Amino acid sequence: MPFSPCRVTIKDVMKRSHFTEYLQNDYDLVTNDVEDIRTGVLLKKSTGTEVEIRNGIPRFVPSENYGNSFGFQWNQFKKTQLDSAVGLPLTENRFLKSTRWTPEELKGKKVLEVGSGAGRFTEIFVKYGAKLVSFDYSEAVEANWSSNGGKGEFLLFQGDLYSIPFPDESFDYVFCYGVLQHTPDPDRAYQAILKKLKPGGKISIDYYLKTLRPSPWSTPKYFWRPLTKRLKPESLFKIISFYIPLWLPIDTFLRRIPKLGGALLTLMLIPCWNYVGLGLNRKQRLEWAILDTFDALSPAYDYPKTLNQVRQMVSSPANGKVEVFYGSNGVVANVQKLP
Ligand SMILES: C[S@@+](CC[C@H](N)C(=O)[O-])C[C@H]1O[C@@H](n2cnc3c(N)ncnc32)[C@H](O)[C@@H]1O
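All values derive from a computational prediction rather than experimental measurement.

**Examining the overall build of the chain**
On a plain count of helices and strands, the chain comes out with 13 helices and eleven strands. For the chain, whose C-alpha radius of gyration is 21 Å, the value lies close to the compact-globule estimate of 20 Å for 339 residues. For the chain, the spread of C-alpha atoms along the three principal axes comes to 65 × 65 × 35 Å. Sorting the 339 residues of the chain into buried and exposed places 40% on the buried side.

Okay, structure coming up:
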């Protein structure tokens, strides 16, 4: 019988060099894999706690957790919002406009990406040649790995931002978009990720805006959330996948009527994340609408803040430069720690 070697791709494995660089100080590795690691266990030296490595991804948290809805959505819509799949630089433009970081400054720098979801920003960091460590609380890591695992060398793990398994002050950049408002205690979450930044390093976060006036986005969302966040992700997804295709054309029509359209949409209380004007084709717009309506209604936690509240959250005597401004997904805060 001819010998057929089993091809292992980078999508399946954690690089052994990543274990050595990031984890070896605190963990012993138990695996039968000879070179790079697909399956194994990390044993915490101080406590003996076991961390499973599955599909080349270390799992520092149980697979059932408050991020289940995110795991569900990002695995349903693995590539929907990736620039490489959409064919438009929507994420890259948002990234450059919000962080004000440049591809040149990121090249070779140690970056921690917090709450990476399906990896739309991961692919930007990989493209810019950053030395990336990326993680998410949910099974979304599977989606990210399947899209980006083969593209570049980065360490991906499933973990909780409240207990990041690296020493403090070990990253040049920390990036966290669309995440903090979905945690049980956003202020504590911000402090937890800030601790991982080196002195002189830069952090960029974005955060959902708390609007004081009624709006077609936030009013229907916060009206329905007390119910929808309690539904099983599969059930909510069925409901949204049923009504969005029917409602989207009407929503589009109303959105185009100045003032009155917005007022009617607010009063009607039908959540619909309708991205008119981004340049998406009809099929993409429908997919984005289902995805982001689900993303709005399903998370266990959603605590928006005003611009001033975000400013308060990031303010600290350890700050050097601070910028807080309105961005495309709420409020952006860019902070550089004092050297
Ligand atoms: C709205 S998604 C944003 C994903 C990605 N940053 C993006 O913009 O496409 C929020 C993500 O935060 C993750 N998340 C929530 N709580 C977290 C925690 N405690 N630690 C790490 N990630 C968390 C969720 O699992 C989810 O994938």
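Don't stop here, the text continues.
**Quick word on helix α12 (residues 282-297)**
In an α-helix, one turn spans 3.6 residues, which is why side chains three or four residues apart end up on the same side. Counted at 1.5 Å a residue, the expected span for α12 with its 16 residues is 22 Å, and the 23 Å between its end C-alpha atoms agrees. Restricting attention to buried positions, one finds in α12 the residues W288, A289, I290, L291, D292, T293, F294, D295, A296 and L297. Taken together, the buried residues of α12 touch α2 (68-76), α9 (218-228) and α10 (233-255).

**Focus: the confidence of the model for the chain**
Per-residue confidence for the chain averages 95 on the pLDDT scale, and 97% of its residues sit at or above 70. In this model, residues 1-8 is a region of pLDDT below 50 whose contacts with residues beyond four sequence positions or in other chains number two contacts.

**Thoughts on the packing of α10 against α12**
Close contact between α10 and α12 brings their axes to 9 Å; oriented N to C, the two are set at 135°. When the axes of α10 and α12 are compared, the pair comes out oblique. The handedness of the crossing between α10 and α12 comes out as right-handed. Residues L236, F237, I240, S241, I244, P245 and L248 of α10 pack against L286, A289, I290, T293, F294 and L297 of α12. A per-class count over the contact of α10 with α12 returns eleven nonpolar, two polar and no charged.

**Examining unusual backbone geometry**
For N55, which is not a glycine, the phi torsion comes out positive at approximately 55°. Checked against the element boundaries, N55 lands in the loop between β3 (50-54) and β4 (57-59). Residue K259 is not a glycine yet carries a positive backbone phi of 60°. Secondary-structure assignment places K259 in the loop between α10 and α11 (260-268). What makes K259 exposed here is the crowd of 7 C-beta atoms within 10 Å.

**Focus: the site of the ligand**
Residues in close proximity to the ligand total 20 residues, the closest being F70, G115, G117, Y137 and G178. Residues belonging to the shell around the ligand are distributed by class as follows: eight nonpolar, eight polar and four charged.

**Topic: the packing of α10 against α11**
Running from amino to carboxyl end, α10 crosses α11 at an angle of 140°, the nearest separation of the two axes being 7 Å. Relative to α11, the element α10 is oriented oblique. From α10, D251, L254 and R255 reach across to α11, where they touch G261, L264 and L265. A breakdown of the residues in the contact of α10 with α11 according to their chemical character gives three nonpolar, one polar and two charged.

**Remarks on helix α4 (residues 90-99)**
When we look at burial in α4, the residues that qualify are R94, F95, S98 and T99. Viewed along the axis of α4, the buried residues span an arc of 100°, placing them on a single side of the element. Turned more than 90 degrees away from the buried face of α4 sit N93 and K97, all of them exposed. Next to the buried residues of α4 lie α6 (122-127), β9 (197-207), β10 (319-327) and β11 (330-337). After α4 finishes, the residue R100 shows a positive phi value of roughly 65°.

**Notes on the pairing of strand β2 (residues 40-44)**
Within a regular beta strand, the side chains point alternately toward one face of the sheet and then the other, so they alternate between its two faces. Bridge count for strand β1 (residues 27-30) against β2 is four bridges, and the pairing is antiparallel. Bridging from a neighbouring strand, L29 pairs with L42 of β2. Connecting the antiparallel pair β2 and β3 is a turn made up of five residues, with G48 showing a positive phi of about 80°.

**Brief notes about the pairing of β10**
Of the pairings in the sheet, the one linking β10 to β11 comprises seven bridges and is antiparallel in character. In the strand pairing of β11, G327 is matched with G330. Adjacent in sequence and paired antiparallel, β10 and β11 are bridged by two residues.

**Thoughts on the domain arrangement of the chain**
Interface size, as often reported, equals the accessible area lost upon joining of the parts. On domain assignment, one finds that the chain holds domain 1 (1-59), domain 2 (83-209 + 305-337) and domain 3 (218-297). Taking the mean C-alpha position of each, domain 1 and domain 3 sit 42 Å from one another.

**Comments concerning the nonpolar core**
The biggest cluster of nonpolar side chains holds 79 residues, and the ones touching the most others in it are V111, V114, V174 and C176. Sorting elements by how many residues they give to this core places α12 first, with seven residues. In this structure, V111 is in contact with L106, F125, A130, K131, L132, F171, D172, Y173 and F175, ignoring residues within four places of it in sequence.

Calculation criteria
- Residues numbered from 1 in each chain as written.
- Predicted model: local features only at pLDDT ≥ 70, side-chain atom pairs only at ≥ 80, totals over all residues.
- Helix = DSSP H or I, 4+ residues; strand = E, 2+ residues; numbered from the N terminus.
- Rg over C-alpha atoms; globule rule 2.2 N^0.38 Å.
- Buried ≥ 20, exposed ≤ 12 C-beta atoms within 10 Å, placed from the backbone.
- Expected span 1.5 Å × (residues − 1).
- Contact = placed C-beta atoms within 7 Å.
- pLDDT = per-residue confidence, 0-100.
- Axes fitted to C-alpha atoms, helices over the stretch in contact; angles between N-to-C directions.
- Parallel < 35°, antiparallel > 145°, perpendicular 65-115°, else oblique.
- Left-handed = near helix turned anticlockwise from the far one by under 90°.
- Nonpolar A, V, L, I, M, F, W, Y, C, P; charged D, E, K, R; others polar.
- Near = placed C-beta within 6 Å.
- Arc of directions from axis to C-beta.
- Pairing = 2+ DSSP bridges.
- Domains from an automatic or database assignment.
- Core = buried A, V, L, I, M, F, W, Y, C linked by C-beta atoms within 7 Å.

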